Amino acid sequence: AYTNRANLFMEKNDFESAKSDFRKVIILQPENSFGWYNMGGCFLRNNEFDSSIIYFEKAIKLKPEYAPSWNNCGFAYLQKKDNTKAIFYLNKALSLKNDEPTTWMNLGVALLNQTKFTEAIQKFDKSITINPQFGNAYAYRAICKVALKNKAGAQADIALAEKNGYPVPETVKALAR
């Protein structure tokens, strides 16, 4: 009952109420990895990255084969600008489930942050192969292409990002001209 109500709170972006119910789930069922995972999700959605990591790591210990826990933990590290840990967790997520375009994109962003542009492009390519309408991946790939002095490629990716509903910042557009 607590899980269902907590999920309803999450759908309404009422993360404090959701956390209250997920805490009850964790107390009643401390081995329930999904309680820990969902609690991490509440903290992640509130941009409370340190707290989200604690809960995702506990979920991983309880159910290490569940790729979304690894992905979300990696994303939290990415938001904290800890690209090395982000890469570790995202690679593990992909070793468990390699058809998630968001995970590939997040890995590409971590590599982009480390100025590994060619490697990042490969991850964005994988993301786009899985979901050709993934505008974010085109935008990030454009940034890499700008850094690699491939302005024509960057311009093409900017057009694809915008065609797929992702607004590209003017600063990126200016660098691609």
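Keep in mind that this is a model prediction, so the values were computed, not measured.

Caption draft 1: Spotlight on the side chain of asparagine 71. Looking at the secondary structure, you find asparagine 71 in helix α5 (residues 67-79). Among the polar contacts made by the side chain of asparagine 71, one reaches the side chain of threonine 103 at a distance of 3.0 Å. What asparagine 71 contacts, discounting residues up to four positions off in sequence, is Leu90, Ala93, Thr103 and Asn106.

Caption draft 2: Broad picture of the environment of cysteine 42. By the secondary structure assignment, cysteine 42 is in helix α3 (residues 33-45). Its relative accessible area of 0% is what places cysteine 42 among the buried residues. Measuring from C-alpha to C-alpha, the distance between cysteine 42 and alanine 6 comes to 9.7 Å, with 36 residues separating the pair along the chain. Contact partners of cysteine 42, with chain neighbours within four places excluded, come to Met10, Phe15, Ala18, Lys19 and Phe22.

Caption draft 3: Fine view of the packing of aromatic side chains. Enumeration over the complete set of coordinates arrives at 10 aromatic pairs. On the basis of an interplanar angle of 85° and a centroid distance of 5.3 Å, the ring pair of tyrosine 37 and tyrosine 66 is categorised as edge-to-face. Of the two residues, tyrosine 37 is situated in helix α3 and tyrosine 66 in the loop between α4 (49-62) and α5; the sequence distance between them amounts to 29 residues. A relative accessible area of 16% means that tyrosine 37 is categorised as buried. Residue classification places tyrosine 66 among the partly exposed residues on the basis of a relative accessible area of 24%. A ring pair is formed by phenylalanine 124 and tyrosine 140, whose centres lie 5.9 Å apart and whose planes are at 15°; its orientation type is stacked. Taken together, the residues phenylalanine 124 in helix α8 (residues 117-130) and tyrosine 140 in helix α9 (residues 135-147) connect sequence positions 16 residues apart. Looking at tyrosine 140, the relative accessible area reads 24%, which means it is partly exposed.

Reading the values: the criteria
Residues numbered from 1 in each chain as written. Predicted model: local features only at pLDDT ≥ 70, side-chain atom pairs only at ≥ 80, totals over all residues. Heavy atoms only, no water. Helix = DSSP H or I, 4+ residues; strand = E, 2+ residues; numbered from the N terminus. Polar contact = N/O pair within 3.5 Å; in protein donor to acceptor, adjacent residues only side chain to side chain. Contact = heavy atoms within 4.5 Å. Buried < 20%, exposed > 50% of the residue type's maximum accessible area, 1.4 Å probe, protein only. Phe/Tyr/Trp six-rings, centres within 6.5 Å; stacked < 30°, edge-to-face > 60°.

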